[in-house]
Amino acid sequence: MSLWLSAIGASRGVAIGPVHRMHGTDLDIPEYHLDDPAIETEIARFQQAAHEARAQLAAVREQIPSNAPAEIGAFIETHLLMMDDTALIDTVTARIREDRINAEWALKLQSEELIDVFEQMNDGYLRTRRDDIAHVTARLQRVLLNQEHPIGTGTADQNSDPPVIVADELTPADIILLHQQGIAAIVTEHGGPLSHSAILARSLRLPALMGATGVRRLLVDEEIVVIDGEAGHLLAAPDAAALDFYHHRQQRDARYQRMLAVLRDEPAVSADGVHIAMLANVELPDDSIEAGRVGAEGVGLYRTEFLFMNRKDTPSEEEQLAVYRQVLASTDGPVTIRTLDAGADKSIGLSDKVAPNPALGLRAIRLCLKETGLFRSQLRALLRASAEGRMRIMLPMISTVGEMRQARHLINEAAAELAAEGLAYDRDLPIGAMIEVPAAALAAPTLARYCDFFSLGTNDLIQYTLAIDRIDDEINYLYDPLHPAVLTLIRMTIDAGQAAGISVSMCGEMASDKRYTALLLGLGLTEFSMHPASVLEVKRAVMGADVARLRRRVAEILSLTDAATYREALDGLTREQQI
Ligand code: PEP
Ligand code: MG
């Protein structure tokens, strides 16, 4: 009999394949005591397992796909650093010796102790570090228990269909290894759409369901399942009619991708003749190659903080200059480079002090205006690079006019230094603000007088407007781009930009979701910046849109005060964009 299951659709696409259940982090850990002579052998076994787990992670690091978001590399680096941490490896060794217990049990006790410490911390970000400890210890446990190759020997049978991996939880590192062995999809009991694993699955175009509680109990190995990553459905034991239906869906999806590829060189002009700029978000310089492949017209957001992560020092002016030049050289179009947005969940290790509320603390422009030495070298590198292309500087998390003025003052100072040194820079370099704090959106008409452009950072704008921490799993469900407060702030920003004659783009995730394209066009947005993988489908939505009609329709919808009618009307608008 067929079985339907609903979960969170974390990565789109239809997959059909046999189930392969695997252990993620919840393993059966044996416990036994050792005789004296066995202790040193056990320690050697543990050290060997640590060595092997480290080698696995290093191999994964080498194999990260070039279009994977930079967070994935950072995530694996964190795990590698943990593997070298004495708090884990040396302490487990000491436990084996002192308590005369087997390595798996000693590791379990030690990781529970560390996880307890993190859980007691009054800080959302640090609390999420407990997951890193759970992942690292699970990897080590799997090596110790000989379960490290989740689908056989790692050379999957060439003749069998790629499996659908069903696990309690999978790390990005697991997903990279599994992807190389050839899998059809992933289904996990835990995790959500904003997790690193979900981001990676989307970059790899691997259908994924998350939050499928109890799924491993309900399925058996080798039974055939269908995964619909868009609807968030799993269908077990499908009958012939269902299989036929989903095979057609797969063929239709493949045709859709081929059809999108044809749009690469088409201008992004709506059905009623409005040109819309299609720009790319770039995290690693390699992403700009992918951006060129999909015909992005330039870079709307280059996140420079990834240059500063996972290192003990900060990148020098010369090192930064080389990278900024590389990004500028990758496109003929404009390149918007965002100054360092560190702090909150993007630590660059400047301080050991834990802010009571990191997302509301010393982050982004606030940090740069305090650490002016760090900011100055970035500004000098940016200004020097600006002599060689069409660059714009964008300041993150602006909330006051004062911050804008202070930043401009520092930019002018750096420019004067370069002029005195005889170094070239673009004297008309546009300086803009990210609008990602409600205060900035509300004060946009005033702020516009100090800015050459605005860019809407909806990831943070939604976080701060709805008071929901972006990285807290528990309140993910409140993350709602269609909330009337969010749409009002977006509209205010676009209107203020238009009134002041400055451009307004959007570089938050909302811009890359084709379900919102009609709505954003109706709000008056004319510049979209998104992950390269989304450029073509958003362009397609633009090409089919009647912007004048959408503007009238969206104005009507935003004036509705009945919550149910408002939702219904917005859903109607977004449904028009479904394939
Ligand atoms: C945003 O907040 O929408 C944004 C683009 O910046 P980040 O996701 O890097 O905070
Ligand atoms: Mg942001």
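None of these values were measured; they are calculated from a predicted model. (Residues numbered from 1 in each chain as written. Chains lettered and ligands numbered in written order. Predicted model: local features only at pLDDT ≥ 70, side-chain atom pairs only at ≥ 80, totals over all residues. Heavy atoms only, no water.)

Chemist: Explain the coordination of the magnesium ion (ligand 2) to me, please; I cannot follow it from the model alone.
Modeler: Angles between donor atoms at a metal ideally measure 109.5 degrees for a four-coordinate tetrahedral arrangement and either 90 or 180 degrees for a six-coordinate octahedral one. Around the magnesium ion (ligand 2), the protein supplies E436 (OE) and D460 (OD) as donor atoms, at distances of 2.0 to 2.2 Å. Of this pair, E436 sits in the loop between β13 (431-435) and α15 (438-442) while D460 sits in helix α17 (residues 458-466), and the two are 24 residues apart along the sequence. Take E436 and D460: they sit in the same class, and that class is buried. (Donors = N, O, S within 2.8 Å, 3.2 Å for Na, K, Ca; no water. Helix = DSSP H or I, 4+ residues; strand = E, 2+ residues; numbered from the N terminus. Buried < 20%, exposed > 50% of the residue type's maximum accessible area, 1.4 Å probe, protein only.)

Chemist: What is the right way to read the packing of helix α6 (residues 172-181) against helix α7 (residues 196-203) from this model?
Modeler: At a closest axis distance of 9 Å, the pairing of α6 and α7 adopts a crossing angle of 25 degrees. Considering their axes alone, α6 and α7 lie roughly parallel with respect to each other. Classified by chirality, the crossing of α7 by α6 is right-handed. Here α6 contributes P172, I175 and I176 to the contact with α7, which in turn contributes H196, S197 and L200. (Axes fitted to C-alpha atoms, helices over the stretch in contact; angles between N-to-C directions. Parallel < 35°, antiparallel > 145°, perpendicular 65-115°, else oblique. Left-handed = near helix turned anticlockwise from the far one by under 90°. Contact = heavy atoms within 4.5 Å.)

Chemist: Would you take a moment to explain helix α3 (residues 89-99) for this structure?
Modeler: Note: α-helices contain 3.6 residues per turn, so residues at a spacing of three or four share the same orientation. Turning to α3, its buried residues are I89, V92, T93, R95 and I96. The buried residues of α3 occupy an angular sector of 160 degrees when projected down its axis, which confines them to one face. Positive backbone phi, at 55 degrees, marks R100, one or two positions downstream of α3. (Arc of directions from axis to C-beta.)

Chemist: Where do I start with the confidence of the model for the protein in this structure?
Modeler: Detailed conclusions should not be drawn from predicted coordinates in areas where pLDDT is low. Here the protein shows a mean pLDDT of 88. Residues at 70 or above account for 90%. Here residues 151-156 scores under 50 on pLDDT; set against residues more than four positions off or in separate chains, the count is nine contacts. (pLDDT = per-residue confidence, 0-100.)

Chemist: Got a minute to help me understand the side chain of E104 in this structure?
Modeler: Here E104 is to be found in helix α4 (residues 103-119). Within the structure, the side chain of E104 is placed 3.1 Å from the side chain of N102, a separation counted as a polar contact. Those residues in contact with E104 that sit more than four places away from it in its chain are I29, P30, Y32, E42, R45, Q141, L144 and L145. (Polar contact = N/O pair within 3.5 Å; in protein donor to acceptor, adjacent residues only side chain to side chain.)

Chemist: Is there a simple way to explain the sheet that holds strand β10 (residues 299-303) in this structure?
Modeler: Strand pairing in a sheet relies on backbone hydrogen bonds. The paired strands run either parallel or antiparallel. The sheet built from eight strands closes into a barrel, its strands ordered β9-β10-β11-β12-β13-β14-β15-β16 with parallel pairing. This sheet shows a mean twist of 25 degrees between the axes of neighbouring strands, independent of strand direction. Sheet analysis places strand β9 (residues 277-282) next to strand β16 (residues 527-530), joined by four bridges and oriented parallel. When the bridges of β16 are listed, M278 appears paired with F528. (Pairing = 2+ DSSP bridges.)

Chemist: Could you clarify how one ought to interpret the pattern of salt bridges in this entry?
Modeler: When their charged atoms lie close together, side chains carrying opposite charge are able to pair. For the structure shown, the criterion picks out 31 salt bridges. With its nearest N and O atoms 3.3 Å apart, the salt bridge here joins E40 to R97. Of the two residues, E40 sits in helix α1 (residues 36-62) while R97 sits in helix α3, which places them 57 residues apart along the sequence. A relative accessible area of 42% means that R97 is categorised as partly exposed. A salt bridge links E305 to R338, with the nearest nitrogen and oxygen atoms 2.5 Å apart. Here E305 is found in the loop between β10 and α11 (317-329), whereas its partner R338 is found in strand β11 (residues 335-338), with 33 residues between them in sequence. Like R338, E305 is buried. (Salt bridge = Lys/Arg side-chain N within 4 Å of Asp/Glu carboxyl O.)

Chemist: Sorry if this is basic, but what is going on with the environment of R249 here?
Modeler: Among the secondary structure elements, R249 is positioned in helix α9 (residues 240-262). Given a relative accessible area of 14%, R249 falls into the buried group. In the structure, R249 is positioned 158 residues away from A407 in sequence and 52 Å away in space, judged by C-alpha atoms. In this structure, R249 is in contact with V14 and D228, ignoring residues within four places of it in sequence.

Chemist: Would you mind going over the packing of aromatic side chains with me for this structure?
Modeler: To describe a pair of aromatic rings, you give the distance between the ring centres and the angle between the ring planes. Counting across every chain of the model gives two aromatic pairs. Between Y302 and Y324, the aromatic rings sit 6.4 Å apart at their centres with planes inclined by 80 degrees, giving edge-to-face as the arrangement. A residue pair is termed long-range when its members are at least 10 positions apart, and Y302 in strand β10 and Y324 in helix α11 qualify at 22 residues. Comparing Y302 with Y324 shows no difference in burial state: the two are buried. In this structure, R392 packs its charged tip against the face of F453, placed 3.8 Å from the ring centre. (Phe/Tyr/Trp six-rings, centres within 6.5 Å; stacked < 30°, edge-to-face > 60°. Lys NZ or Arg CZ within 6 Å of the ring centre and 35° of its normal.)

Chemist: I would appreciate a short explanation of the nonpolar core in the present structure.
Modeler: The nonpolar side chains of a soluble globular protein tend to be buried with one another. Counting 95 residues, the largest nonpolar core has I490 and F528 as its most contacted members. Excluding residues that lie within four positions of it along the chain, F528 makes contacts with I276, A277, M278, L279, M506, A511, T517, L520, L521 and V538. In terms of nonpolar packing, the next biggest core, distinct from the first, is built from 49 residues, A53, L107, I115 and L206 among them. (Core = buried A, V, L, I, M, F, W, Y, C linked by side-chain atoms within 4.5 Å.)

Chemist: Would you explain the pairing of β11 in this entry?
Modeler: As a general feature of sheets, a regular strand has side chains that alternate between the two faces. The side-chain alternation of β11 yields two buried faces, one formed by V335 and I337 and the other by T336 and R338. Relative to β11, β10 is paired through three bridges, and the arrangement is parallel. Note that in β11 the partner of R303 across the bridge is R338. Summarising the sheet, β11 and strand β12 (residues 391-395) pair through four bridges and their orientation is parallel. Within the sheet, the bridge partner assigned to V335 lies in β12 and is M391.

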